[in-house]
Amino acid sequence: MASKYIVRHGVMRFLGEFEPAGETTYGRGAAVVVRSERGQEIGQVLTEAQPQIVQLLSEPTHGQILRLVNTDDRKELDRLQETERQEMETCRRFIENRKLQMELVDVEHLFGGERIVFYFLAEKRVDFRELVKDLAREFQRRIELRQIGVRDEAKLLADYGDCGKPVCCNTHMTVMPPVSMRMAKLQKSTLDPSKISGRCGRLKCCLRFEQDVYEEFQKELPPTGSSVVTSKGQGRVLAQEILARKVLVEFEDGRRLPVAAEEILTRLG
């Protein structure tokens, strides 16, 4: 029996478990045509679908890998990109005509042509039933409108982050993790919003990625304000240097020195 594969597909980077048609095998990174619950679309093979990997997926999609992307498929993709630009302009015109309080962000015309998905931002709920009818009459396709948040907008449109690498939400992330200012404070990041915010305008997701390590290392250190006995004498903890696994200690004689966690003999509370 041929192996199943984890495939990433769609502009929202869905991850799913897909079974190949026949006995064909696929390598990592292969561009493929798949049939998902949404219809026929283009995907990318990431790895074989091992049970432990599938268990990590949140709401995985399912379907079948039909074939590798061929020359004709690439030509069709180029044609669809031009079609999507026209569909965006048409949808914007309909939105303006109906004076709807929504901002169109992106459009996804499925490879097989079964449906067209429009992604939009809106501060409140929008009654777009008449807009759907306008679009269905215009394009003679199944129409889907999806309201998204600003972090989803970055997932669709952003390119590179401040680190110089492609934004995480546009590559490997499928679920947006909660991020708080408490994490930024623990990691001693600058609290300047312009420097700790990502392309979406929200706190950077990488703060969440590193939080578990900071919390684990922090448990090894005495809290700020506590008294400790070290190989260099007794003193009070002024600050923590979490990643270095050190604390800044003010000793009874007035010295202020960094002390490694393993040099702390006793914590006095």
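Residues numbered from 1 in each chain as written. Predicted model: local features only at pLDDT ≥ 70, side-chain atom pairs only at ≥ 80, totals over all residues. Heavy atoms only, no water.

Chemist: Run through the overall build of the protein chain, naming residues and quoting values.
Modeler: When its secondary structure is counted, the protein chain shows seven helices and 13 strands. Against the globule reference of 18 Å for 269 residues, the protein chain gives a C-alpha radius of gyration of 26 Å, more extended than a compact globule. For the protein chain, the spread of C-alpha atoms along the principal axes amounts to about 80 × 55 × 30 Å. Burial statistics for the protein chain: of 269 residues in total, 39% are counted as buried. Put simply, of all contacts in the protein chain between residues at least 6 apart along the chain, 57% involve residues at least 24 apart. (Helix = DSSP H or I, 4+ residues; strand = E, 2+ residues; numbered from the N terminus. Rg over C-alpha atoms; globule rule 2.2 N^0.38 Å. Buried < 20%, exposed > 50% of the residue type's maximum accessible area, 1.4 Å probe, protein only. Contact = heavy atoms within 4.5 Å.)

Chemist: Outline the sheet that holds strand β6 (residues 103–109), supporting the account with residue identities and numerical values.
Modeler: Read across the sheet, three strands follow the order β6-β7-β8 without closing on themselves; strand pairing throughout is mixed. Where the open sheet ends on each side, the last strands, each with one partner, are β6 and β8 (142–147). Averaged over all pairs of adjacent strands, the angle between their axes in this sheet comes to 20°, without regard to strand direction. The strands touched by helix α2 (residues 71–97) within the sheet are β6 and β7 (115–121), with β6 carrying the most contacts at an inclination of about 145°. Contacts between helix α3 (residues 129–139) and the sheet are confined to β7 and β8, with β8 contributing the most and set at about 140° to the helix. (Pairing = 2+ DSSP bridges. Axes fitted to C-alpha atoms, helices over the stretch in contact; angles between N-to-C directions.)

Chemist: How would you explain the pattern of salt bridges if you had to name every residue and give the values?
Modeler: What the rule picks out here adds up to 18 salt bridges. Between D134 and R137 there is a salt bridge whose closest N-O contact spans 2.7 Å. Placement of both D134 and R137 in helix α3 is noted, with a separation of three residues, approximately one turn of the helix. In this structure, E220 engages R245 in a salt bridge whose closest nitrogen and oxygen atoms are separated by 3.8 Å. Residue E220 is located in the loop between α7 (206–218) and β9 (227–230), and its partner R245 is located in the loop between β10 (233–241) and β11 (246–251); the two are separated by 25 residues in the primary sequence. Using a relative accessible area of 31% as the deciding quantity, one classes E220 as partly exposed. On the accessibility criterion, R245 (33% relative accessible area) is partly exposed. Shared partners join several salt bridges into a network, and the residues in it are R38, E41 and E108. (Salt bridge = Lys/Arg side-chain N within 4 Å of Asp/Glu carboxyl O.)

Chemist: Could you give an account of the sheet that holds β9, with specific residues and numbers?
Modeler: Taken together, the five strands give an open sheet; going across it, the order is β12-β11-β10-β9-β13, and neighbouring strands pair in antiparallel fashion. With partners counted over all chains shown, the strands left at the sheet margins are β12 (256–260) and β13 (264–267), one partner each. Pairwise comparison of adjacent strand axes, ignoring direction, gives a mean angle of 45° for this sheet. In this sheet, β10 lies alongside β9 in antiparallel orientation, the contact comprising four bridges. Each bridged residue has a counterpart across the sheet, and for V229 the counterpart in β10 is Q234.

Chemist: Tell me about the pairing of strand β4 (residues 40–48), residues and numbers included.
Modeler: Pairing geometry for strand β1 (residues 5–9) and β4, over five bridges, is antiparallel. Bridge pairing links V7 to V45 in β4. As defined by bridge partners, strand β3 (residues 31–36) adjoins β4 across five bridges and the pair is classed as antiparallel. Bridged to V34 within β4 is E41.

Chemist: Can you tell me about the packing of aromatic side chains, naming the residues and giving the values?
Modeler: All told, the structure shown has two aromatic pairs when counted by the stated rule. Relative to Y26, the ring of Y5 has its centre 5.8 Å away and its plane inclined at 85°; by these criteria the two rings are edge-to-face. Here Y5, found in strand β1, pairs with Y26, found in the loop between β2 (14–20) and β3; they are 21 residues apart in sequence, far enough to count as distant. Judged by its relative accessible area of 2%, Y5 is buried. We classify Y26 as buried; its relative accessible area is 9%. Against the face of F217 rests R245, its NZ or CZ located 3.7 Å from the ring centre. Above the plane of the ring of F251 lies R255, whose end atom (NZ or CZ) is 4.8 Å from the centre. (Phe/Tyr/Trp six-rings, centres within 6.5 Å; stacked < 30°, edge-to-face > 60°. Lys NZ or Arg CZ within 6 Å of the ring centre and 35° of its normal.)

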